[in-house]
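# Observations on the model geometry
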Amino acid sequence: MNAAQLLVGFKPTPVDLLGVNDRITRIKSRSIKSEAKLQGLQMALNMIDLTTLEGADTPNKVRQLCYKAMHPHDQMNGIPTVAAVCVFPTLVRTAKEALKGSNVKVAAVSTYFPSGQSTIEIKLRETQYAIGEGADEIDMVISRREFLQGNFEYVLDQIIQIKQLCHKNKVRLKVILETGEIGSLDEVRKASDIALLANPDFIKTSTGKIGQAANMQVTLVMLQAIWDHYQKTGVQVGMKPAGGISDAKSALHYLMIVKEVLGPEWLSNKWFRFGASRLANDVLMQLAKQESGVYQAPQYFSKD
Amino acid sequence: MTRLNIQKTYKLFIGGKFPRTESGRFYSINDSKGELIANMCLSSRKDFRNAVVAARKAQSGWAEKTAFNRSQILYRLAEMLETRSKSFVDEMVLLGLSKRKVEKELEKSVDCLVYYAGWCDKYTALFSSVNPTASSHFNFSVHEPTGVVAAIAPEVSPLLGLISVIAPVITGGNSVVVLASEKLATSSISFAEVVQNSDVPGGVINILTGNLAELAPHMASHMDVNAIVTARGALINGLENEIVSNVKRNYDWSKSIDIHNPYKILDTQEVKTTWHPVQTSAASGGGY
């Protein structure tokens, strides 16, 4: 089905703001016992997309990041690797080579990231290039320009085209809504529902390139959209909050909310990811704290 | 109609804010007749951890301030304390201390702050050195703050004791997490109100109330604490392994009755020694 057909009868679902806030407050105030915490922290580490998306990225910086991805903290036993390394398309080949022999995936941002202000031809070519370089996953951005004008068909059509290209090459697709630019939670829900019509592999909150990144409200709304979509179609879609999640405690809160809204089927890095660069070290520090009983200091953990 | 007294809620002082202890625990302070004066927060290891996070965040900004500015801020602390001294006297008399002694303690507390305010921009000049070398190089040794310091105030002299462990530490650009006197804790949290009003950046001074025996192991083992100073007896007994885990400085100030002592500033300083080639006036092509 094309975008126009999929959008027939599309109705926005309103979001209960007070309900969302209340649920989050309850999740945050819950206490986590140390055994569950240990498990949760290991899980969170294994779900991280270690990300570097700077103009100043060089092959060596990416190689260093890849080493960190495979060896988060060799001083401790039983530490999992992160899920993936997320880079620009031009650095995919470098990352792929550096990660050879490991299970760590390479994700590439594409479709004129972060603004998405380009034509579909260019977006498809960029995606094709990233896939050709060896990307295992593509993180695309939706066109906020068209979304804000109400041109949902255009938005959905682009997602479908990129998805077809990805799936033809057995590459998984994440769709970034950039919730900080699309407005209220109602709009977030609307954008999620539209993106979900294309059955991508993940929907993702943010690029991490603007001030307002992932938060729990937005994540909860997107998770509910995923759940409703799953109920309706039986298609499982993953979730990736990105940007601004820097401490282990909030990572655990996110995991709790995923378990509550979607259930344990989503609690693996196949269906849930954190897009983050600073989170890994805080999770490692908490893991070391759980093991040794001693509060840790950042200087004993490698930076990237 | 009789008016109900409005009692102050004594909380902790962490990161420039007054949170309650996350543990929800408290202990009571009574006057000599056994009447309740106040309930104090019984800090947990998590409160200590939160305070260290706040202290770490604030430390670099505090150290980067000019020495003169740090001096001004310490002097401001003294000013604010002086203007509020009457209420401190009342509060401490309530604990059963003699009024004459408490008034003396207030004066000494203010003087202690002024004393260390004076040292802020002088100790590096006085204690740094240009060392002898065998080549045409300068070799300097200069003092730098060690970082986050855990301090333990004495059980007696609740205000002067508190200030005498805080002042030398922050003079040198460190941030401090201080455990106040347990039995006479009220004035320490009132002092936090003075701190909050004195341009001291949030997190530079953090004040906890609670039990030393409970908190000491966590102070000793925390990897992000660079030094421990205690005015309540040696801390090291039984905690040696924890203290050396990250090579903490550990000083026992309980025997040094001398509050006015610049060497206390040096106890929480690292010495950095650096080389620099001698630039002769000839080589520079004149201009000196």
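Above this text is the structure in question.
Residues numbered from 1 in each chain as written. Chains lettered and ligands numbered in written order. Predicted model: local features only at pLDDT ≥ 70, side-chain atom pairs only at ≥ 80, totals over all residues. Heavy atoms only, no water.

### Describing the interface of chain B and chain A
Contacts between chain B and chain A engage eight residues on the former and nine residues on the latter. Taken together, the two surfaces of chain B and chain A that pack against each other cover about 840 Å², and 51% of this comes from carbon and sulfur. Remark: the boundary between chain B and chain A carries zero salt bridges. Between the two partners, chain B and chain A, sit two residue pairs in polar contact (both at pLDDT 80 or more). Looking at the side of chain B that touches chain A element by element, the count peaks at three residues for helix α1 (residues 45-64) of chain B. The residue inventory of the side of chain B that touches chain A, partitioned by class, reads one nonpolar, three polar and four charged. (Contact = heavy atoms within 4.5 Å. Buried area = accessible area lost by both parts, 1.4 Å probe. Salt bridge = Lys/Arg side-chain N within 4 Å of Asp/Glu carboxyl O. Polar contact = N/O pair within 3.5 Å; in protein donor to acceptor, adjacent residues only side chain to side chain. Helix = DSSP H or I, 4+ residues; strand = E, 2+ residues; numbered from the N terminus. Nonpolar A, V, L, I, M, F, W, Y, C, P; charged D, E, K, R; others polar.)

### A word on the sheet that holds strand β8 (residues 227-230) of chain B
Residue and element names in this part refer to chain B. One open sheet accounts for five strands, arranged β7-β6-β5-β8-β9; its pairing is parallel. Strands with a single pairing partner mark the edges of an open sheet, and in this sheet they are β7 (205-208) and β9 (249-252). On average, adjacent strands in this sheet sit at an angle of 15 degrees to one another, irrespective of strand direction. In this structure, strand β6 (residues 175-179) lies alongside β7, joined through four bridges in parallel fashion. Within β7, the residue paired with valine 176 across the bridge is isoleucine 205. Taken strand by strand, helix α6 (residues 158-171) contacts β5 (148-152), β6, β7 and β8, and its axis lies near 165 degrees from that of β6. (Pairing = 2+ DSSP bridges. Axes fitted to C-alpha atoms, helices over the stretch in contact; angles between N-to-C directions.)

### What about the nonpolar core?
Residue and element names in this part refer to chain A. In terms of nonpolar packing, the biggest core is built from 94 residues, with Leu45, Ile138, Val175, Ile257 and Phe274 touching the most fellow members. The element contributing the most residues to this core is helix α11 (residues 248-261), with nine residues. Ignoring any residue separated from it by four or fewer positions in sequence, one finds valine 175 in contact with Met140, Ile142, Ile159, Ala195, Pro200, Phe202, Ile203 and Lys204. (Core = buried A, V, L, I, M, F, W, Y, C linked by side-chain atoms within 4.5 Å. Buried < 20%, exposed > 50% of the residue type's maximum accessible area, 1.4 Å probe, protein only.)

### So, the pairing of strand β1 (residues 48-51) of chain A
Residues and elements named next belong to chain A. Because side chains alternate across β1, one face comprises the buried residues Ile48 and Leu50, and the other comprises Asp49 and Thr51, equally buried. As paired strands, β1 and strand β8 (residues 274-276) are joined by three bridges and run parallel to one another. Within β8, the position partnered with leucine 50 by the bridge is alanine 276. One crossover worth recording links β1 to the parallel strand β2 (residues 84-87) by way of helix α4 (residues 59-70), and it is right-handed. (Right-handed = clockwise from strand over helix to strand, strands pointing away.)

### Here's the deal with the environment of glycine 202 of chain B
Residues and elements named next belong to chain B. Topologically, glycine 202 is positioned in the loop between α7 (186-196) and β7. Spatially, the C-alpha atom of glycine 202 lies 18 Å from that of proline 168, the residues being 34 residues apart in sequence. Not counting the four nearest positions on each side in its chain, glycine 202 is found in contact with Gly15, Gly16 and Ala58.

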